[in-house]
Every structure is written in structure tokens, then in C-alpha cells.
Amino acid sequence: MAERERYEELIKELERLSYEYYVADNPMSPDSLYDQLLHELIALEEKNPDWVTPESPSQRVGGEVLAGFQKVAHETPMLSLGNAFSHEDLQDFDRRVREKVGEDVAYMCELKIDGLAVSLQYEAGKYKRGATRGDGTVGEDITSNLRTIRSIPMTLQEPFTIEVRGEAFMPKQSFQKLNEKREEDGLEVFANPRNAAAGSLRQLDTKIAASRNLDIFLYAVADFGDMGVATHSEGLARLEKLGLKVNKERRLCQSLEEIFCVY
């Protein structure tokens, strides 16, 4: 097999292993296989540096040191979530919705993850840019740091141009390990995983972001465009088929009673 063919094969195999481990949560091969294939890939890239693209699995380990973060204007505003603290609040929300759209209403319920709201842009199926929510209109370009999150695919299963939104977060296990290491080093520990996640994604040294072992759940699309979906629940299912990580703890509810049961 020619070196270039082997290189392309390695990328596909590493993407498959990464998807099984970080997105599907169903690894079918030992971790050592990923490490072995990545080592072979990096060796080929060192020999042929012009082959390297931003989508290469080798680019997830960080190494770039940024001078700062550029501002990014969101074409579609990233709005904040409203809160409901009681059954009465939820009933009032449901009433306002039905006044606007009629009685044919269903709700997709899923867990609220406490992290940092981010936007991911794909062009022809390739990851191109990632940004923070910021003030909802203007955020910060954190493309390189988001690339270090293994559950974010660099290439979608289909070549869509799409902007998806979600919550980047730090799993509790990663949080505990990080604080243990900071204690050993005599550094101040993080107060909670949310602060740790936000701080990690605003590191100018991408290697630090990569070492924090962050994760993500996608929950929205700025514009479904020609994806052929009519409802939000269909949209989430479509994102899964594209290889994006969507929270599996979600349920379509037809009434407030069902929502209360989920809650």
C-alpha cells in the first residue's frame, strides 16, 4: 500500500475509534490501538508535513500558543435560556407558547449541562470554527481549543454546511483529577466544573486545554436549512446521524404532565 493510501486509511480508522469511545460510549478496541495508530500517523506527517490538515487527529493534542482571542459575530444570535422554578412557572411558559403557535405542541426534554455555551461551524462537513456565546451577539474564536475535545468530530458523516450549538463541559472525573493535580502543585483549585471548563477553553496554550479532558453535548442548530427536518426532535436525531454527540437522556413529551414526570 502506498504511503498516502495508508495515511488516509489511518485517519478514517482513528476517526472511527474516536467516535466509538467519545461519542457512542462503546469502545470496541483497546486504547493501545488508538495510540499505536496515532503514532504511525504522526510519523507519516513528520515525513510529509504538507499532508497535514486541521482535521487530522494529530491536531487534537494541542501545541499552538495563541496571542489572544479574536471576536466572532454570530449570524444568528445565541440567546440565553429562561428558567422555570416551579410547576406554575412551567404552566405559564406553556400558556405563552400555545398563545403563539396553537395547541399542537410537544416538548423535547433533556438534561441541562452546566458548562460553557459554544457554537461549531462546519463547511462541507469539515470543522472550520468554534466560538463562545459571549453576549449572544459577539463571542470569541476558540476554534483551536475546541478542536482538542475528542467528542467533537472534525468531519461529519455527510458534507453539510451547518452551525450547531451546545454545551462544552468538564466531566466530574476530569474535574477531580484536575483539582488533585493542582493541589499537588500548590495551585488554587477550581470551585466547580463549570468554572474549570470555561477557564480551560480560554487558555492561550492549546496543550493546556487538551489536557483538561473536556466533553460536549450538542442541543441546537442555528438553521436546519436543507437538512429535511420539521421538528426539534427530528433535528437532534439528525445530528446523531451526522456523528455529533447529543444527550441520550432526552424524551419527547406531549403534555405538561409528562414533563413533570421527566423532571
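Residues numbered from 1 in each chain as written. Predicted model: local features only at pLDDT ≥ 70, side-chain atom pairs only at ≥ 80, totals over all residues. Heavy atoms only, no water.

As named in an unreviewed UniProt entry, the protein is NAD-dependent DNA ligase LigA, taken from Listeria cornellensis FSL F6-0969.

Asker: Just to check I follow, could you spell out the packing of aromatic side chains for this structure?
Answerer: We describe a pair of aromatic rings using the distance from one ring centre to the other and the angle between the two ring planes. Enumeration according to the criterion identifies five aromatic pairs in this entry. A ring pair is formed by Phe93 and Tyr107, whose centres lie 6.1 Å apart and whose planes are at 40°; its orientation type is tilted. Of the two residues, Phe93 sits in helix α3 (residues 87–101) while Tyr107 sits in strand β2 (residues 107–110), which places them 14 residues apart along the sequence. With a relative accessible area of 37%, Phe93 lands in the partly exposed category. (Phe/Tyr/Trp six-rings, centres within 6.5 Å; stacked < 30°, edge-to-face > 60°. Helix = DSSP H or I, 4+ residues; strand = E, 2+ residues; numbered from the N terminus. Buried < 20%, exposed > 50% of the residue type's maximum accessible area, 1.4 Å probe, protein only.)

Asker: Would you take a moment to explain the domain arrangement of the protein for this structure?
Answerer: Often, the extent of an interface is quoted as the loss of accessible area on bringing the components together. For the protein, the assigned domains are domain 1 (1–59) and domain 2 (70–75 + 111–253). Here the C-alpha centroids of domain 1 and domain 2 sit 22 Å apart. Contact with domain 1, which involves nine residues of that partner, is made by twelve residues of domain 2. The junction of domain 1 with domain 2 conceals about 950 Å² of combined surface from both sides, 52% of it contributed by carbon and sulfur atoms. Sorting the residues of domain 1 by area buried against domain 2 places Tyr22, Val23 and Glu55 first, and these three jointly supply 56% of that buried surface. Inspection of the region where domain 1 meets domain 2 yields four residue pairs in polar contact (both at pLDDT 80 or more). Sorting elements by how many residues they give to the side of domain 1 that touches domain 2 places helix α1 (residues 3–23) first, with five residues. The residue inventory of the side of domain 1 that touches domain 2, partitioned by class, reads five nonpolar, two polar and two charged. (Domains from an automatic or database assignment. Contact = heavy atoms within 4.5 Å. Buried area = accessible area lost by both parts, 1.4 Å probe. Polar contact = N/O pair within 3.5 Å; in protein donor to acceptor, adjacent residues only side chain to side chain. Nonpolar A, V, L, I, M, F, W, Y, C, P; charged D, E, K, R; others polar.)

Asker: So what exactly am I meant to see when it comes to the packing of α1 against helix α2 (residues 31–47) here?
Answerer: Helix-helix packing: each pair is described by the crossing angle between the helix axes and the interaxial distance. Remark: α1 packs on α2, axes separated minimally by 10 Å, with the N-to-C direction vectors making an angle of 145°. α1 and α2 meet at a crossing whose hand is left-handed. Residues Glu3, Arg6, Tyr7, Leu10, Ile11, Glu13, Leu14, Leu17, Ser18 and Tyr21 of α1 lie in contact with α2, whose contacting residues are Asp31, Leu33, Tyr34, Leu37, Leu38, Glu40, Leu41, Leu44, Glu45 and Lys47. For the contact of α1 with α2, the per-class residue count stands at twelve nonpolar, one polar and seven charged. (Axes fitted to C-alpha atoms, helices over the stretch in contact; angles between N-to-C directions. Left-handed = near helix turned anticlockwise from the far one by under 90°.)

Asker: Whenever I open this one, the layout of surface pockets confuses me. Can you help?
Answerer: One simple way to see leftover space: roll a probe sized like a water molecule over the atoms. There is about 2,100 Å³ of room inside the largest pocket. Looking at the largest pocket, it is lined by 46 residues, and the ones nearest its centre are Leu81, Gly82, Met108, Glu110 and Lys112. Listed by contribution, the elements that provide at least two residues to the lining of the largest pocket are α3, β2, β3 (116–123), β6 (162–169), β7 (215–221), β8 (250–253) and α9 (256–262). Considering each element in turn, the lining of the largest pocket owes the most residues, five residues, to α3. Here the residues of the lining of the largest pocket sort into 23 nonpolar, ten polar and 13 charged. As a volume, the second largest pocket reaches approximately 970 Å³. Lining the second largest pocket are 35 residues, and of these Tyr22, Pro171, Asn213, Leu214 and Asp215 sit closest to its centre. Of all the secondary structure elements, the ones that give two or more residues to the lining of the second largest pocket are α1, α5 (172–184), α7 (206–211) and β7. For the lining of the second largest pocket, the element with the most residues is α5, which contributes six residues. A breakdown of the residues in the lining of the second largest pocket according to their chemical character gives 17 nonpolar, seven polar and eleven charged. (1 Å grid on protein atoms, 1.4 Å probe; cavity = no way out; pocket = protein on both sides within 12 Å on 5 of 7 lines; lining within 4 Å. Points joined across faces, edges and corners; volume = space filled by probe spheres on them.)

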